[in-house]
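If you want the building blocks of each chain, they are given just below.
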Amino acid sequence: MTSRRLSDEQIARFKTDGVLIVRRVLDPGLLARARARLWDAAPPSLRRDDPSSWAGPIRPEEEDEARGNYRKGFRWQYRSLGNLPWMVDLLPKNPAVWAMAQQLLGEGEVVEPENVRGIYCTLPYGDHEGRPDNCHVDAHPFHLGVVGYIDDVEPEGGGFRVWAGSHRTFYPDFESAYRMEPTPRYEPDRERLSRATSIDCHGRAGDVVFWHHRLGHMAAHNRTRRIRQAVLYDFRKKDLERTQEEPPADDMWKDWSPAVRQAPATNG
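Residues numbered from 1 in each chain as written. Predicted model: local features only at pLDDT ≥ 70, side-chain atom pairs only at ≥ 80, totals over all residues. Heavy atoms only, no water.

1. Structural notes on the overall build of the protein
Working step 1: Secondary structure summary: the protein contains eight helices and 10 strands in total.
Working step 2: Compactness check: the protein gives a C-alpha radius of gyration of 18 Å against a globular reference of 18 Å for 268 residues, within 12% of the reference.
Working step 3: Along the first, second and third principal axes, the C-alpha set of the protein runs to 50 × 45 × 30 Å.
Working step 4: Expressed as a percentage of its 268 residues, the buried residues of the protein come to 55%.
Working step 5: Look at the contacts in the protein between residues 6 or more apart in sequence, and 82% of them connect residues 24 or more apart.
Working step 6: Of the roughly 12,300 Å² that the protein leaves accessible, carbon and sulfur atoms contribute 47%.
Working step 7: Counting 39 positive and 41 negative side-chain charges, the protein places the averaged centre of each group 2 Å from the other. (Helix = DSSP H or I, 4+ residues; strand = E, 2+ residues; numbered from the N terminus. Rg over C-alpha atoms; globule rule 2.2 N^0.38 Å. Buried < 20%, exposed > 50% of the residue type's maximum accessible area, 1.4 Å probe, protein only. Contact = heavy atoms within 4.5 Å. Areas by Shrake-Rupley, 256 points an atom, 1.4 Å probe, with all protein chains shown as cover. Lys, Arg positive; Asp, Glu negative; His and termini not counted. Charge placed at Lys NZ, Arg CZ, Asp CG, Glu CD.)

2. Overview of helix H6 (residues 186-194)
Working step 1: For H6, the complete set of buried residues consists of Tyr186, Asp189, Arg190, Leu193 and Ser194. An end-on view of H6 places all buried positions within 130 degrees of arc, on one side of the element.
Working step 2: On its buried side, H6 packs onto helix H5 (166-170). (Arc of directions from axis to C-beta.)

3. Looking at the sheet that holds strand S1 (residues 19-22)
Working step 1: Sheet architecture is open: seven strands sit in the order S1-S8-S5-S10-S4-S3-S2, paired in antiparallel fashion. Looking at which strands have only one partner, the edges of the open sheet turn out to be S1 and strand S2 (69-72). Strand after strand, the sheet turns through a mean of 20 degrees between neighbouring axes, direction not considered. (Pairing = 2+ DSSP bridges. Axes fitted to C-alpha atoms, helices over the stretch in contact; angles between N-to-C directions.)

4. What about the layout of surface pockets?
Working step 1: Taken as a whole, the largest pocket spans an internal volume of roughly 730 Å³.
Working step 2: Taken together, 27 residues line the largest pocket, and the ones lying closest to its centre are Arg75, Asn134, His136, Met218 and Ala219.
Working step 3: If you list the elements that add at least two residues to the lining of the largest pocket, you get S2, strand S3 (75-78), strand S4 (118-122), strand S5 (144-149), strand S9 (217-219) and strand S10 (228-235).
Working step 4: When residues of the lining of the largest pocket are assigned to their parent elements, the largest contribution, three residues, is made by S9.
Working step 5: Looking at the lining of the largest pocket residue by residue, the classes come out as 13 nonpolar, seven polar and seven charged.
Working step 6: Its boundaries defined by the atoms lining it, the second largest pocket holds a volume of some 180 Å³. (1 Å grid on protein atoms, 1.4 Å probe; cavity = no way out; pocket = protein on both sides within 12 Å on 5 of 7 lines; lining within 4 Å. Points joined across faces, edges and corners; volume = space filled by probe spheres on them. Nonpolar A, V, L, I, M, F, W, Y, C, P; charged D, E, K, R; others polar.)

5. Quick look at the pattern of salt bridges
Working step 1: Tallied over the entire structure, the rule returns 24 salt bridges.
Working step 2: Here Arg179 makes a salt bridge to Glu181, at a shortest N to O gap of 3.4 Å.
Working step 3: Look at Arg179 and you get partly exposed, because its relative accessible area is 30%.
Working step 4: On the accessibility criterion, Glu181 (30% relative accessible area) is partly exposed.
Working step 5: Lys254 is the salt-bridge partner of Glu246, the closest N and O atoms lying 3.3 Å from each other.
Working step 6: Look at the salt bridges and you will find they share partners, linking Asp239, Arg242, Glu246, Lys254 and Asp255 into a network. (Salt bridge = Lys/Arg side-chain N within 4 Å of Asp/Glu carboxyl O.)

6. Quick notes on the nonpolar core
Working step 1: By size, the foremost hydrophobic cluster in this structure holds 59 residues, and its most contacted members are Met87, Leu90, Ile119, Leu144, Val208, Phe210 and Phe235.
Working step 2: Broken down by element, this core gets its largest block of residues, seven residues, from helix H4 (residues 95-105).
Working step 3: If we skip the residues at most four places from it in the chain, Leu144 touches Phe14, Ala101, Leu104, Leu105, Phe210, Trp211, Tyr233, Asp234, Phe235 and Trp256.
Working step 4: By size, the runner-up hydrophobic cluster in this structure holds 14 residues, among which are Tyr120, Val147, Cys201 and Val209. (Core = buried A, V, L, I, M, F, W, Y, C linked by side-chain atoms within 4.5 Å.)

7. Some points on the side chain of Asp234
Working step 1: Structurally, the position occupied by Asp234 is in strand S10.
Working step 2: At 3.0 Å, the side chain of Asp234 forms a polar contact with the side chain of Arg117.
Working step 3: Of note is the side chain of Asp234, whose polar atom sits 2.8 Å from the side chain of His140.
Working step 4: Apart from the residues lying within four places of it in its own chain, the contact partners of Asp234 are Arg117, His140, Phe142, Leu144, Gly145 and Trp211. (Polar contact = N/O pair within 3.5 Å; in protein donor to acceptor, adjacent residues only side chain to side chain.)

Distances and angles like these do not, on their own, reveal function.
Following this line, the structure appears as structure tokens:
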């Protein structure tokens, strides 16, 4: 696929919202391969040719809390294939995704991807009621997250749900810039923002969602009949080991590319 670049408007939108959806980026052949390989690890009761079997939760006798193929409740996380080269090519080393990540973080400053988190699924909720929406911030240090949809995700289909602009609130709510060291402000802010309006990042197979590491988010409830299927990766800059324990900076974009630092941003 030919490489694509973010426009100045897209960079400014990412800086303001902490999230940016880019449509139809990923390779259709690799998407089909990932969708097929997912079923290698399916619980016996889930049948690829029978969508009526896809509703959760996972049956108790088919639960598995092993990291490589976690299955419990409505979550199915197939991590074992995350280090396969073609999976890396599907998302972080996709030429467009890689170019955009370097646009945001700095050319030549991003760690070369070697794996992805795996294929993360949310089963349909069926008749089950979900818990109230609650945002959180990821605990591990990184700079820029990306979610790639390997199949269509309809509205209310379990897509990546975000609280736009929450990165500006959460960034100073930690003792350090990247580690999970919350101050007393974090939990009240998290509870308050969880009650605020959020965005359902639904989309088509091949769409990607870039997001700031301090953005409030959650894996949303799936009210459709389709399994939400996504591949996740976390971009890190080469100097993260040195900078992760620094306190939050006055300029929260100091570690980002000149294009991001110079872009306008609003508080709305």
